[in-house]
Amino acid sequence: MSPRLVRADADAVGRRESPLTITVDGEPLDGVAGQTVAGVLLASGRRSWRTGPSGSPRGVFCGIGVCFDCLVTVNEERDVRACRRRAQDGDAVTTQSRAEAGER
Ligand code: FES
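Now for a description of the structure that goes with this document. Fair warning: this is a prediction, and the values are worked out from it, not measured in the lab.

1. Here's the deal with the overall build of the protein chain
Alright, step 1. Counting secondary structure elements, the protein chain contains one helix and eight strands.
Alright, step 2. Start at the N end of the protein chain and walk to the C end: the helices and strands fall as β-β-α-β-β-β-β-β-β.
Alright, step 3. By the burial criterion, 23% of the 104 residues in the protein chain qualify as buried.
Alright, step 4. Contacts spanning at least 24 positions in sequence make up 40% of the contacts within the protein chain whose residues lie at least 6 apart.

2. Focus: the pairing of strand 2 (residues 27-32)
Alright, step 1. Where strand 1 (residues 19-24) meets strand 2, six bridges bridge the pair, whose relative direction is antiparallel. Its bridge partner being in strand 2, Val 24 is matched across the sheet by Glu 27.

3. Some points on the sheet that holds strand 5 (residues 71-74)
Strands in a sheet are paired, the pairing made by backbone hydrogen bonds, and the direction either parallel or antiparallel.
Alright, step 1. Here we have five strands laid out as an open sheet, ordered 2-1-7-5-6, and mixed in their pairing. A single partner strand is all that each edge strand has here, and the edge strands are strand 2 and strand 6 (77-81). Neighbouring strand axes in the sheet, compared pairwise and without regard to direction, differ in orientation by 40° on average.
Alright, step 2. Strand direction decides the pairing type here: strand 5 and strand 7 (residues 92-94), joined by two bridges, are antiparallel. Within the sheet, the bridge partner assigned to Val 74 lies in strand 7 and is Val 93.

4. Notes on the nonpolar core
Alright, step 1. In this structure, Val 37, Ala 38, Leu 41, Cys 70, Val 72, Ala 82 and Val 93 are the most contacted members of the largest nonpolar core, which totals 17 residues.
Alright, step 2. Elements represented by at least two residues in this core include exactly strand 1, helix 1 (37-43) and strand 5.

5. Focus on unusual backbone geometry
Alright, step 1. Unlike most non-glycine residues, Phe 68 shows phi in positive territory, near 65°.
Alright, step 2. Examined against the element boundaries, Phe 68 turns out to sit in the loop between strand 4 (57-58) and strand 5.
Alright, step 3. Despite not being glycine, Glu 76 has its phi angle at roughly 70°, a positive value.
Alright, step 4. Topologically, Glu 76 is positioned in the loop between strand 5 and strand 6.

Cut-offs used in this document
Residues numbered from 1 in each chain as written. Predicted model: local features only at pLDDT ≥ 70, side-chain atom pairs only at ≥ 80, totals over all residues. Helix = DSSP H or I, 4+ residues; strand = E, 2+ residues; numbered from the N terminus. Buried ≥ 20, exposed ≤ 12 C-beta atoms within 10 Å, placed from the backbone. Contact = placed C-beta atoms within 7 Å. Pairing = 2+ DSSP bridges. Axes fitted to C-alpha atoms, helices over the stretch in contact; angles between N-to-C directions. Core = buried A, V, L, I, M, F, W, Y, C linked by C-beta atoms within 7 Å.

See below:
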């Protein structure tokens, strides 16, 4: 288990753990209800899932929806901020890069 995922029995606020599974580029990742898509990705050990125009890796930078570094496609909706979107069981997440969108 990742050190970033607090077990429900160790959570100081007493949340209940409801498991969910999303897929990221077809790979199933487990999370818990209430986590953002970025939270599930980080808990799985991923630190980046996108590339910038220069090819540099991007992931969570601000974590509050301001920088847009964490963009992913969720259920075919492009440019979703992973740090702002709550993961839902069955979400199909695909990574994206600025180069594939034709942006400069
Ligand atoms: S990490 Fe900055 S918008 Fe998501």
